[in-house]
Amino acid sequence: MKTIKAFFFICLIALVGCNSNSNNPVKSYESVDEMVADIRKDITEISVADFHSLMNSEDPYVLLDVRLPKEHDKGFIPGSVSIPRGVLEFRIGSEKVWDEEGLYVPEKEELLILYCKKSNRSPLAALRLQQLGYKNVKVISGGWQGWHEAHPEISEDNIEEGGMEYAAAAEEDSGGC
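Residues numbered from 1 in each chain as written. Predicted model: local features only at pLDDT ≥ 70, side-chain atom pairs only at ≥ 80, totals over all residues. Heavy atoms only, no water.

Trainee: Got a sec to walk through helix 7 (residues 121-131)? Specific residues and values, please.
Mentor: Those residues of helix 7 not exposed but buried are R121, S122, P123, L124, A125, A126 and L129. Where helix 7 ends, the next residue or the one after it, G133, has phi of about 100 degrees, a positive value. (Buried < 20%, exposed > 50% of the residue type's maximum accessible area, 1.4 Å probe, protein only. Helix = DSSP H or I, 4+ residues; strand = E, 2+ residues; numbered from the N terminus.)

Trainee: Which residues make up unusual backbone geometry, and what values do they have?
Mentor: Positioned with a positive phi, S119 is a non-glycine residue whose angle comes to about 80 degrees. With respect to the secondary-structure elements, S119 resides in the loop between strand 5 (111-115) and helix 7.

Trainee: Describe the sheet that holds strand 6 (residues 136-140), and please don't skip the residues or the numbers.
Mentor: Pairing in this open sheet of five strands is parallel, and the strands run 1-6-5-2-4 from one edge to the other. Across the chains shown, the open sheet's two edge strands, defined by having one partner strand only, are strand 1 (44-46) and strand 4 (81-82). Summarising the sheet, strand 2 (residues 62-65) and strand 5 pair through four bridges and their orientation is parallel. The residue bridging L63 from the neighbouring strand is I113, located in strand 5. (Pairing = 2+ DSSP bridges.)

Trainee: With reference to specific residues and values, describe the pairing of strand 2.
Mentor: Neither face of strand 2 is left uncovered, since the one carrying V62 and L64 and the one carrying L63 and D65 both have all their residues buried. As paired strands, strand 2 and strand 4 are joined by two bridges and run parallel to one another. The residue of strand 4 that forms the bridge with L64 is V81.

Structure below.
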């Protein structure tokens, strides 16, 4: 009887040891910049010039602005849908969100183009979308700033006096990039 109890005790210890996180370690980073640089290896970027060409083509795509709503309201690329990075996973598949935009929920195979302010948040969002099964996700290199510098005439700007300073301050407080 003692032998059977000892055997089950050893099996229990072995089982607990096998279920440790050693098979799925969480990677740690020294900084968010290091994390974003690592993630960039697993995502695809599109240049501002290539996105401009895509925009003028007949090829379908869905354009997502993953900045905060306050930032989007100050200026955005025409045709973009505002879904902040912090709620992206919850809203990307929501029929209600897309109905409000007059659009349909994107299919997993559709081309999704993402942008943020400087292209630091959008790689994080792109990685999450890939993890959710979206197969064709790209990030605009340089983000809104790169786009707006290259094509200020193709931007929806609702910028009031001092608006950009306000948006930048709000973003810094929120941890945005």
